[in-house]
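Single-letter residue listing:
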Amino acid sequence: MHNPLIRQLIADRALLPQGWRNNVLLEWDEAGILSNVIADAAELAPRVAATVLPGIVNLHSHAFQRAMAGLTEYRSQGAAGCSDSFWSWRSLMYKFAGKLSATDLKAIALQLYIEMLQAGYTSVCEFHYLHHDVGGKPYADPAENLVCLIEAAQQAGIGLTLLPVLYQHSGFAAQAPHAGQARFINSPDWIMAALQGLQAAHPQHAGLRYGVAPHSLRAVSPHSLQTMLHQLRQWDAQAPVHIHIAEQTREVDDCVAALGQRPVAWPVGAN
């Protein structure tokens with residue numbers, strides 16, 4: 001967190017786009033947003049004997065999963081001789097996600113974002129798919145959990161790119177979602193309504209950006225992906241888009257069987 005009484009500092013060295021520079025003046029506004037950087041500055045501000053690097057961006061965060069760390073992914077053999085794997089991890093994740101309230105999510109995200117800042121991350125892209133209440137019941141405010149993440153980021157003081165996830169199917173060929181995914185399921189129209197509501201209540205600024213995250217080619221049909229991208233570009237042509245390529249090798253094999261290409265090679269414009 002920045003000191004509101006200090007708006008200028010001179011660092012001994014800093015890594016700038018032009019390379020390493022000495023005596024670098026850093027200035028920020030009342031909100032703590034960096035507003036000016038000047039190399040080889042005169043001694044007009046307090047000096048800090050430090051080497052300064054740009055803040056790191058965490059490009060892929062599922063905040064709620066921070067609270068399940070240590071509950072899975074063991075080296076030893078699991079029950080009945082079954083080794084821990086992506087599939088056992090995912091099974092536990094579904095059970096864990098099914099129990100979290102909006103209050104839980106905000107508390108977990110706030111702790112996580114503070115930990116990120118302590119580790120040098122100053123901005124995070126939140127790939128968020130816990131959309132509905134326990135059991136998949138819609139919230140009165142569909143964006144309730146999204147707002148919790150915005151509030152957590154604001155309280156922590158970290159920049160946030162919020163990416164609500166489009167999630168429709170449990171597998172390729174539009175396989176029906178199962179019970180563990182009930183809190184994730186939505187549509188392009190749901191995503192756009194949420195984004196428009198967020199923009200009205202929490203407008204984008206230097207520390208807050210909105211985009212979308214189609215979960216994956218297995219969880220979103222080609223038609224829905226095209227619809228989502230078209231609606232998003234109509235709303236904001238510069239909005240970021242983020243997608244999982246694949247989470248395990250079986251997903252790559254399934255993609256080849258269903259779409260004829262590996263996920264990374266499949267063209268977005270394919271039908």
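Source: prediction; values computed, not measured. (Residues numbered from 1 in each chain as written. Predicted model: local features only at pLDDT ≥ 70, side-chain atom pairs only at ≥ 80, totals over all residues. Heavy atoms only, no water.)

Trainee: Please set out the packing of aromatic side chains residue by residue, giving values where relevant.
Mentor: Applying the stated criterion across every chain yields a total of six aromatic pairs. Over the aromatic face of tryptophan 20 sits the side chain of arginine 13, whose NZ or CZ is 4.6 Å from the ring centroid. (Phe/Tyr/Trp six-rings, centres within 6.5 Å; stacked < 30°, edge-to-face > 60°. Lys NZ or Arg CZ within 6 Å of the ring centre and 35° of its normal.)

Trainee: Can you explain a nonpolar patch on the surface? Please cite residues and give values.
Mentor: Together, Leu15, Trp20 and Leu53 make up an exposed nonpolar region whose accessible area comes to about 300 Å². With respect to the helices and strands, the residue leucine 53 is situated in the loop between strand E4 (47-52) and strand E5 (56-61). On the basis of relative accessible area, leucine 53 is assigned to the exposed category, the value being 55%. (Patch = residues over 30% accessible without salt bridge, like charges linked within 9 Å, V, L, I, M, F, W, Y side chains within 5 Å. Areas by Shrake-Rupley, 256 points an atom, 1.4 Å probe, with all protein chains shown as cover. Salt bridge = Lys/Arg side-chain N within 4 Å of Asp/Glu carboxyl O. Helix = DSSP H or I, 4+ residues; strand = E, 2+ residues; numbered from the N terminus. Buried < 20%, exposed > 50% of the residue type's maximum accessible area, 1.4 Å probe, protein only.)

Trainee: An account of the packing of helix H4 (residues 188-201) against helix H5 (residues 222-235) is requested, with residue identities and associated values reported.
Mentor: Remark: H4 packs on H5, axes separated minimally by 9 Å, with the N-to-C direction vectors making an angle of 25 degrees. By the angle between their axes, H4 is roughly parallel relative to H5. Read as a crossing pair, H4 and H5 show a hand that is right-handed. On H5, the residues that touch Pro188, Asp189, Ile191, Met192, Leu195, Gln196 and Gln199 of H4 are Ser224, Thr227, Met228, Gln231, Leu232 and Trp235. (Axes fitted to C-alpha atoms, helices over the stretch in contact; angles between N-to-C directions. Parallel < 35°, antiparallel > 145°, perpendicular 65-115°, else oblique. Left-handed = near helix turned anticlockwise from the far one by under 90°. Contact = heavy atoms within 4.5 Å.)

Trainee: So what's going on with the layout of surface pockets? Which residues, and what values?
Mentor: Roughly 1,600 Å³ of volume is contained in the largest pocket. Forming the walls of the largest pocket are 42 residues, and the residues nearest its centre are Gly32, Ile33, Leu34, Thr122 and Gly157. Of all the secondary structure elements, the ones that give two or more residues to the lining of the largest pocket are strand E1 (8-16), strand E2 (19-28), strand E3 (34-38), E4, strand E6 (121-128), helix H3 (144-156), strand E7 (159-166) and strand E8 (208-210). Here the residues of the lining of the largest pocket sort into 28 nonpolar, 13 polar and one charged. Roughly 190 Å³ of internal volume is contained in the second largest pocket. (1 Å grid on protein atoms, 1.4 Å probe; cavity = no way out; pocket = protein on both sides within 12 Å on 5 of 7 lines; lining within 4 Å. Points joined across faces, edges and corners; volume = space filled by probe spheres on them. Nonpolar A, V, L, I, M, F, W, Y, C, P; charged D, E, K, R; others polar.)

Trainee: Just give me the short version of the pattern of salt bridges, but keep the residues and values in it.
Mentor: It is possible for side chains of opposite charge to pair when their charged atoms get near one another. Per the stated rule, a full pass over the model turns up eight salt bridges. A salt bridge links arginine 218 to glutamate 247; the nearest nitrogen and oxygen atoms lie 2.3 Å apart. Of the two residues, arginine 218 is situated in the loop between strand E9 (213-214) and H5 and glutamate 247 in the loop between H5 and helix H6 (249-259); the sequence distance between them amounts to 29 residues. Judged by its relative accessible area of 29%, glutamate 247 is partly exposed. Note that arginine 218 and glutamate 251 form a salt bridge whose closest N and O atoms lie 3.2 Å from each other. Of this pair, arginine 218 sits in the loop between E9 and H5 while glutamate 251 is found in helix H6, placing the two residues 33 residues apart along the sequence.

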